[in-house]
Amino acid sequence: STSAAPKTTVYQSDMESFHAHLKQSTRVLALLGAGLSASSGLPTFRGAGGLWRTHQATHLATPQAFAANPGLVWQFYSYRRHMSLNATPNAAHYALAALAQKMPQCQCLSQNVDGLSPRAHHPAGQLQLLHGSLFDVKCSDQDGCGYKEINYTDPIVPALAIPLSGHDPTTDVARQEADVSNISTPLATLSAQDLPACPSCKKHILRPGVVWFGEALPRSVLRTVDDYIAASDIDLIIVIGTSAKVFPAAGYIDEARDQGARVCVVNMDENDAPPGGWEAGDWFFRGDAAELVPKLLE
Ligand code: BV8
Ligand code: ZN
């Protein structure tokens, strides 16, 4: 019988060659995703037990859903605020903060809105929050009013208290039709009066300061990232805990490659390769970011 051809992996998985490359690197970029916070107890979006599998969150994380049913969308975000506030940064968050402190030209692009990297004292100038934060809250009439605040109050208003059972109120969404647009009244109907009001214009309700699908990423963040990438060659991009399906975030991996960067992926699942696939010279380390990242960056 013909022996099965040895599985030729394009990527390398030895730490020595990675450590050698990191040591001689000066411009290191990192792209962070929900998998970085998995060990802190925060569910990811698309993986096993992912938040979004049951909640159709890609429906909830849109301006349309908020316009149609602000109470339901706020329940979703209040629950995530509650979970994030009760989570603690893990060893990977701290290892990345330490790398940034050691390497002034290290820049981290985070898709996470959970606030854990800032809480790990990651230098603010070297952490770009591509999709905003659960704890930035702003007037829903952004063109007119422009009011914004940093808000860690949990619950942000009494009506959004997580039921004592700790049960995720948005699982009710799972029991209702997945598509928010045809949800007339969520199980717990919240009216605008129940929701946080803008203290400035007093005409609109506040919304989570996250970037929803169909919304542009913050201009200042886009400019900072584009300037960093265009400035000069990039030695390495480390891609941690992301399914690399959301753009323009995932697009930065190929942009870094185009600047000569080697690519290192840390993920539980080797199928979550870079959007353009694996290339010779890539590293792939399978496992929990909280365990692998400290070893890779030591
Ligand atoms: C925009 C905030 C244009 C809200 C989020 C091309 C160009 C531009 C846009 C598009 C484009 N193609 C498609 C689009 C539209 C859309 C998009 O990308 N859609 C996808 C679904 C195809 N993009 C947009 O709409 C963006 N806007 O470009 O607008 C524009 C321009 C001008 C003017 C107007 C408009 C906005 C996208 C931002 C959406 N908001 N979040 C919220 O969080 O509620 S995105 C959301 O997904 C989260 O931020 C999340 O971080 C992000 C990515 O998910 P991941 O972090 O990767 O998490 P995931 O669960 O998917 O994966 C976890 C991974 O970890 C897995 O691989 C798993 O194996 C691994 N893992 C699990 N445990 C561990 C682990 N790894 C290591 N250790 C572990 N323990
Ligand atoms: Zn306002």
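Everything quoted here is computed from the prediction, not taken from an experiment.

> Can you help me understand the coordination of the zinc ion (ligand 2) in this one?
Coordination angles at a metal have ideal targets, namely 109.5 degrees for four tetrahedral donors and 90 or 180 degrees for six octahedral donors. Within the first shell, the zinc ion (ligand 2) binds the protein through Cys139 (SG), Cys145 (SG), Cys198 (SG) and Cys201 (SG), at distances of 2.3 Å. Of note is the zinc ion (ligand 2), whose 4 donor atoms meet at the metal with angles of 104 to 119 degrees in an arrangement that counts as tetrahedral. Written as a sequence motif, the donor arrangement for the zinc ion (ligand 2) is C-x5-C-x52-C-x2-C. Here the residue Cys145 occupies a position in the loop between strand S4 (132–139) and strand S5 (148–150), and Cys201 occupies one in the loop between helix H8 (171–175) and strand S6 (206–210), the gap between them amounting to 56 residues. We classify Cys145 as partly exposed; its relative accessible area is 24%.

> Sorry, what's going on with the site of ligand 1 here?
Residues in contact with ligand 1 amount to 37 residues; listed here are only the nearest, Phe45, Arg46, Arg80, Ser243 and Asp272. Within the contact set of ligand 1, an oxygen atom lies 2.8 Å away from a side-chain nitrogen or oxygen of His131. Within the contact set of ligand 1, an oxygen atom lies 2.4 Å away from a side-chain nitrogen or oxygen of Asp272. Protein contact buries 74% of the 1,500 Å² of open area that ligand 1 shows by itself. By residue class, the composition of the shell around ligand 1 is 18 nonpolar, 12 polar and 7 charged.

> Even after reading the chapter, I still don't get the layout of surface pockets, so can you show me in this structure?
A water-sized probe, rolled over the atoms, reveals where empty space remains. Of the voids in this model, the second largest pocket is the one considered here, and its volume is about 520 Å³. Along its surface, the second largest pocket is lined by 22 residues, and Lys138, Lys148, Gly209, Val211 and Pro218 are the ones closest to its centre. Those elements giving two or more residues to the lining of the second largest pocket turn out to be S4, S5, S6 and helix H9 (219–231). The element contributing the most residues to the lining of the second largest pocket is S4, with 5 residues. For the lining of the second largest pocket, a count of residues per class yields 9 nonpolar, 6 polar and 7 charged.

> What is the right way to read the environment of Leu134 from this model?
Along the polypeptide, Leu134 turns up in strand S4. The class for Leu134 is buried, based on a relative accessible area of 2%. Spatially, the C-alpha atoms of Leu134 and Asn112 are 9.2 Å apart, while their sequence positions differ by 22 residues. Residues contacting Leu134, with those up to four places away along its chain left out, are Tyr77, Arg80, Arg81, Ser84, Val113, Asp114 and Val210.

> Any chance you could explain the UniProt feature "binding site: Zn(2+)" (unreviewed entry) in the chain here in plain terms?
The UniProt record marks Cys139, Cys145, Cys198 and Cys201 with the feature "binding site: Zn(2+)" (unreviewed entry), using the residue numbering of this structure. Spanning 63 residues, the named residues form one tight spatial group whose C-alpha atoms are at most 9.0 Å apart. Accessibility expressed as a relative area gives 0% for Cys139, which makes it buried. In this structure, Cys139 is in contact with Cys145, Tyr147, Cys198, Cys201, His204, Ile205, Leu206 and Arg207, ignoring residues within four places of it in sequence. The contacts of Cys145, once residues within four sequence positions are left out, are Cys139, Cys198, Ser200 and Cys201.

> I'm lost on unusual backbone geometry in this one. Help?
Excluding glycine, a negative phi dihedral is what most residues carry, and trans is how most peptide bonds are arranged. Geometrically, the link from Asp154 to Pro155 is a cis peptide bond, its omega value of 0 degrees lying close to zero. Within the secondary structure, Pro155 sits in the loop between S5 and H8. Of note, the bond from Phe247 into Pro248 is cis; its omega dihedral lies within 30 degrees of zero at 5 degrees. Positive phi is not limited to glycine here, since His121 has a value of about 60 degrees. In this structure, His121 sits in the loop between helix H7 (116–119) and strand S3 (127–129). Even without being glycine, Ala244 reaches a positive phi, approximately 50 degrees. Within the element layout of this structure, Ala244 appears in the loop between strand S7 (236–240) and helix H10 (251–258). The class of Ala244 is buried, set by a relative accessible area of 9%.

> Please clarify how empty space enclosed by the protein should be interpreted in this entry.
For the structure on display, the rule yields 1 cavity of 30 Å³ or more. Around the largest cavity, the lining comprises 13 residues; the ones closest to its centre are Leu42, Pro43, Phe45, Arg80 and Asp114. Take the lining of the largest cavity: its biggest share by element is 3 residues, from helix H5 (residues 70–85). The residue inventory of the lining of the largest cavity, partitioned by class, reads 8 nonpolar, 3 polar and 2 charged.

Each value, and the rule that gives it
- Residues numbered from 1 in each chain as written.
- Chains lettered and ligands numbered in written order.
- Predicted model: local features only at pLDDT ≥ 70, side-chain atom pairs only at ≥ 80, totals over all residues.
- Heavy atoms only, no water.
- Donors = N, O, S within 2.8 Å, 3.2 Å for Na, K, Ca; no water.
- Tetrahedral: all angles 85-135°; square planar, octahedral: opposite > 155°, others 65-115°.
- Helix = DSSP H or I, 4+ residues; strand = E, 2+ residues; numbered from the N terminus.
- Buried < 20%, exposed > 50% of the residue type's maximum accessible area, 1.4 Å probe, protein only.
- Near = heavy atom within 4 Å.
- Polar contact = N/O pair within 3.5 Å; in protein donor to acceptor, adjacent residues only side chain to side chain.
- Areas by Shrake-Rupley, 256 points an atom, 1.4 Å probe, with all protein chains shown as cover.
- Nonpolar A, V, L, I, M, F, W, Y, C, P; charged D, E, K, R; others polar.
- 1 Å grid on protein atoms, 1.4 Å probe; cavity = no way out; pocket = protein on both sides within 12 Å on 5 of 7 lines; lining within 4 Å.
- Points joined across faces, edges and corners; volume = space filled by probe spheres on them.
- Contact = heavy atoms within 4.5 Å.
- UniProt positions renumbered as here; feature names shortened; annotations may be inferred.

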